[in-house]
Amino acid sequence: MTEQLRLMAVHAHPDDESSKGAATMAKYVSEGVDVLVATCTGGERGSILNPKLQGDPYIEEHIHEVRKKEMDEAREILGVKQAWLGFVDSGLPEGDPLPPLPEGCFALQEVDEAAGALVRLIREFKPHVMTTYDENGGYPHPDHIMTHKVSMAAFDAAGDPERYPEAGPVWQPKKIYYNQGFNRPRTEALHKGLLERGLDSPYGEWLERWKSMGRERTLTTYVPCGDFFEIRDKALVAHATQIDPDGGWFRIPLEFQREVWPTEEYELAKSLVDTSLPEDDLFAGIRDN
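The model shown is predicted, which means the values in this text are computed figures rather than measured ones.

Student: How would you summarise the packing of helix α5 (residues 111–125) against helix α6 (residues 142–157) if you had to cite specific residues and measurements?
Tutor: Direction vectors running N to C along α5 and α6 enclose 60°, while the axes themselves pass 8 Å from each other. The angle between α5 and α6 falls in the class oblique. Of the two possible hands of crossing, α5 and α6 adopt the one that is right-handed. Contacts from V111, A114, A115, L118, V119, I122 and R123 in α5 reach M146, K149, V150, S151, A153, A154, F155 and A157 in α6. For the contact of α5 with α6, the class distribution of residues is 12 nonpolar, one polar and two charged.

What follows is the structure, given as structure tokens:
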């Protein structure tokens, strides 16, 4: 294939792109692939999770602007392009019973209407491959679940000339994947590897929680990207309000991660090209056509 390959990663909030598939994106950028992150919301209702920044009045008052600046920095580190879809963060409801979602937020939009913004971006950027979240959102945040719905609707509609005619000339992506970086096989491998080396593992509780969860996700695609884990972590740290640089994300040495599990994983949700599973490339079946 002589045309430049293009990848679009659809995420709910700024910081999601750096915690889900970031090393994959950095790898493809290094190979000359054009990569665009589509960020559905501005993260306006995200909690300040870094204890060093909690209670800062400027950040609390200007969280939207702060998170936009963080996204700018992460984008530069990853070497990707990035576009905002312009929806308002729904927040993560807490309590029993759960409170209603805020009026006008992303998760309360009509799927067909919200998908129009992504269809327009797809037709402008013309990605060959898209990544998004599974039907559970990866975890049940209302914005992540809505991101799944909007992504799947837009994938199907972008190539249909009768859908969203105002959104520009049609373009049909060839494949769409679910991010599955937080999966049981990876977690078990890291947990076992740490214990074998006489090191403490933070994954024991994760594995216990998995016992009570539903069906296992199907991992179809393992992208070798261990050489880009450091870039991934730098991009994540750029989201300073969301990530504690001394926290659990960074307790596992990079060399250990590269040795034990040097890939990021995906679940192929739809493909319009022939491919053989398992894959080691999101563009499998496309490069050769």
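Student: Give me unusual backbone geometry: which residues, what numbers.
Tutor: The omega torsion of the bond from D96 to P97 falls at 5°, within 30 degrees of zero and hence cis. With respect to the secondary-structure elements, P97 resides in the loop between β3 (81–87) and α5. For D15, which is not glycine, the phi dihedral falls at a positive 110°. Within the secondary structure, D15 is located in the loop between β1 (6–11) and α1 (16–19). At Y164, a residue that is not glycine, the phi angle is positive and equals roughly 50°. Inspection of the secondary structure puts Y164 in the loop between α6 and β5 (175–179).

Student: Can you tell me about α6, naming the residues and giving the values?
Tutor: Between the first and last C-alpha of α6 there are 22 Å, a value that for 16 residues agrees with the 22 Å anticipated at 1.5 Å per step. Counting buried positions along α6 yields 13 of 16 residues, so the element is predominantly enclosed.

Student: Give a detailed account of the pattern of salt bridges, specifying residues and quantitative values.
Tutor: Taken as a whole, this structure holds 21 salt bridges when the rule is applied. Among the salt bridges present, the one from E76 reaches R75, with a minimum N-O distance of 3.1 Å. One network of salt bridges, with partners in common, ties together K27, E31, D281 and R287.

Student: Could you give an account of the packing of helix α4 (residues 63–78) against helix α9 (residues 229–238), naming the residues involved and the relevant values?
Tutor: Remark: α4 packs on α9, axes separated minimally by 8 Å, with the N-to-C direction vectors making an angle of 170°. Comparing their axes, α9 and α4 come out roughly antiparallel. Counted together, E70, E73, A74, I77 and L78 of α4 and I231, K234, A235 and A238 of α9 form the full contact between these two elements. When grouped by side-chain class, the residues that make up the contact of α4 with α9 number six nonpolar, no polar and three charged.

Student: An account of a nonpolar patch on the surface is needed here, citing residue identities and associated values.
Tutor: A cluster of nonpolar residues, F182, W206 and W249, forms a patch on the protein surface that exposes about 300 Å² of accessible area. The topology assignment puts W206 in helix α8 (residues 204–210). On the accessibility criterion, W206 (31% relative accessible area) is partly exposed.

Cut-offs applied
Residues numbered from 1 in each chain as written. Predicted model: local features only at pLDDT ≥ 70, side-chain atom pairs only at ≥ 80, totals over all residues. Heavy atoms only, no water. Axes fitted to C-alpha atoms, helices over the stretch in contact; angles between N-to-C directions. Helix = DSSP H or I, 4+ residues; strand = E, 2+ residues; numbered from the N terminus. Parallel < 35°, antiparallel > 145°, perpendicular 65-115°, else oblique. Left-handed = near helix turned anticlockwise from the far one by under 90°. Contact = heavy atoms within 4.5 Å. Nonpolar A, V, L, I, M, F, W, Y, C, P; charged D, E, K, R; others polar. Expected span 1.5 Å × (residues − 1). Buried < 20%, exposed > 50% of the residue type's maximum accessible area, 1.4 Å probe, protein only. Salt bridge = Lys/Arg side-chain N within 4 Å of Asp/Glu carboxyl O. Patch = residues over 30% accessible without salt bridge, like charges linked within 9 Å, V, L, I, M, F, W, Y side chains within 5 Å. Areas by Shrake-Rupley, 256 points an atom, 1.4 Å probe, with all protein chains shown as cover.

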